[in-house]
Amino acid sequence: SEKAFVMIKPDGVERGLIGEIVNRFEKKGLKLVRAELKSVDRAVAEAHYGHLRHKPFFEELVEYITSGPVFAMIIEGAGAVQNSRSLIGPTNPAEAPPGTIRGDFGLDVAANVIHGSDSVDNAKVEIERFFSKLDY
Ligand code: ATP
Ligand code: MG
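Cut-off values and rules
Residues numbered from 1 in each chain as written. Chains lettered and ligands numbered in written order. Predicted model: local features only at pLDDT ≥ 70, side-chain atom pairs only at ≥ 80, totals over all residues. UniProt positions renumbered as here; feature names shortened; annotations may be inferred. Helix = DSSP H or I, 4+ residues; strand = E, 2+ residues; numbered from the N terminus. Buried ≥ 20, exposed ≤ 12 C-beta atoms within 10 Å, placed from the backbone. Contact = placed C-beta atoms within 7 Å. Pairing = 2+ DSSP bridges. Core = buried A, V, L, I, M, F, W, Y, C linked by C-beta atoms within 7 Å. Near = placed C-beta within 6 Å. Nonpolar A, V, L, I, M, F, W, Y, C, P; charged D, E, K, R; others polar. Axes fitted to C-alpha atoms, helices over the stretch in contact; angles between N-to-C directions. Parallel < 35°, antiparallel > 145°, perpendicular 65-115°, else oblique. Left-handed = near helix turned anticlockwise from the far one by under 90°.

## A short note on the UniProt feature "binding site: ATP" (unreviewed entry) in the chain
Part 1: Here, the residues flagged by UniProt with the feature "binding site: ATP" (unreviewed entry) are K9, F57, R85, T91, R102 and N112.
Part 2: Mapped onto the fold, R85 is located in helix 5 (residues 80-88).
Part 3: By C-beta crowding, R85 is classed as partly exposed, having 18 other C-beta atoms within 10 Å.
Part 4: Apart from the residues within four sequence positions on either side, R85 is in contact with G116 and D118.
Part 5: Residue R102 is classed as buried on the basis of its C-beta count, with 24 C-beta atoms lying within 10 Å.
Part 6: In this structure, R102 is in contact with I88, G89, P90, P93, A96, N112, V113 and I114, ignoring residues within four places of it in sequence.

## Here we look at the pairing of strand 1 (residues 3-8)
Part 1: By the criterion of burial, strand 1 is predominantly enclosed, with six of the six residues buried.
Part 2: The side-chain alternation of strand 1 yields two buried faces, one formed by K3, F5 and M7 and the other by A4, V6 and I8.
Part 3: Sheet topology places strand 1 next to strand 3 (residues 70-76); six bridges connect them, and they run antiparallel. Directly across from F5, in strand 3, lies its bridge partner I74.
Part 4: Bridge analysis of strand 1 against strand 4 (residues 114-116) gives three bridges, and the strand direction is antiparallel. Within strand 4, the residue paired with I8 across the bridge is I114.

## Regarding the nonpolar core
Part 1: Formed by 27 residues in total, the largest nonpolar core has its most connected members in F5, M7, I8, I75 and I114.
Part 2: Secondary-structure elements contributing two or more residues to this core are strand 1, helix 2 (18-28), strand 3, helix 5 and helix 7 (120-130).
Part 3: Sort the elements by how many residues they give to this core and strand 3 lands first, with six residues.
Part 4: Discounting residues that sit within four places of it in the chain, M7 has contacts with V70, F71, A72, M73, I114 and H115.

## Section: the site of ligand 1
Part 1: Close to ligand 1 lie L52, F57, L61, T91, V109, A110, N112, H115, G116 and D118.
Part 2: A breakdown of the residues in the shell around ligand 1 according to their chemical character gives five nonpolar, four polar and one charged.

## With respect to the sheet that holds strand 4
Part 1: One open sheet holds the four strands; their spatial order is 2-3-1-4, and the pairing between them is antiparallel. The two strands at the open ends of the sheet, each matched to only one other strand, are strand 2 (31-38) and strand 4. Ignoring strand direction, the axes of neighbouring strands in this sheet form an average angle of 15°.
Part 2: Running at roughly 30° to strand 1, helix 5 makes contact with strand 1, strand 3 and strand 4 of the sheet.

## Here's the deal with the packing of helix 2 against helix 5
Part 1: At a minimum axis distance of 11 Å, the contact between helix 2 and helix 5 shows a crossing angle of 130°. Put simply, helix 2 runs oblique to helix 5. Between helix 2 and helix 5 lies a crossing whose hand is right-handed. Counted together, R24, F25 and K28 of helix 2 and N83, S84 and L87 of helix 5 form the full contact between these two elements.

Structure (structure tokens):
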């Protein structure tokens, strides 16, 4: 069935939110099929955020995502991509409604706790970027 790539960013890991966040995906009915605490190197960060390379905040974004361990996950289930984006909420936590992960746990658009892939095609690319094929 459909897979999404979801990643708790360094601020979320540092603040001890892994359990709380995984719990929300599990309660929704999505399955955690692979997860790993890992560090993101500069090359992976630049590839992951390649669509934002011309933005003024790009350098800050790469520094932030490489600043400490992330918790990378493969989430599986019906509509995994769209359903995980719904649980996560809008990019800017200030605009994310209560009940969403960013709405409940974030304050800052630059450190917004979690990433979720935005399409089924990008989910495939991101899963291959962050996990070895042997892992899933
Ligand atoms: P993500 O890809 O992390 O799930 P998203 O799809 O909601 O987030 P994107 O447009 O892909 O949003 O932006 C990727 C990330 O870049 C955001 O999650 C955020 O951390 C950062 N970002 C986006 N806009 C800004 C901004 N104006 N200032 C600082 N950082 C930003
Ligand atoms: Mg995105």
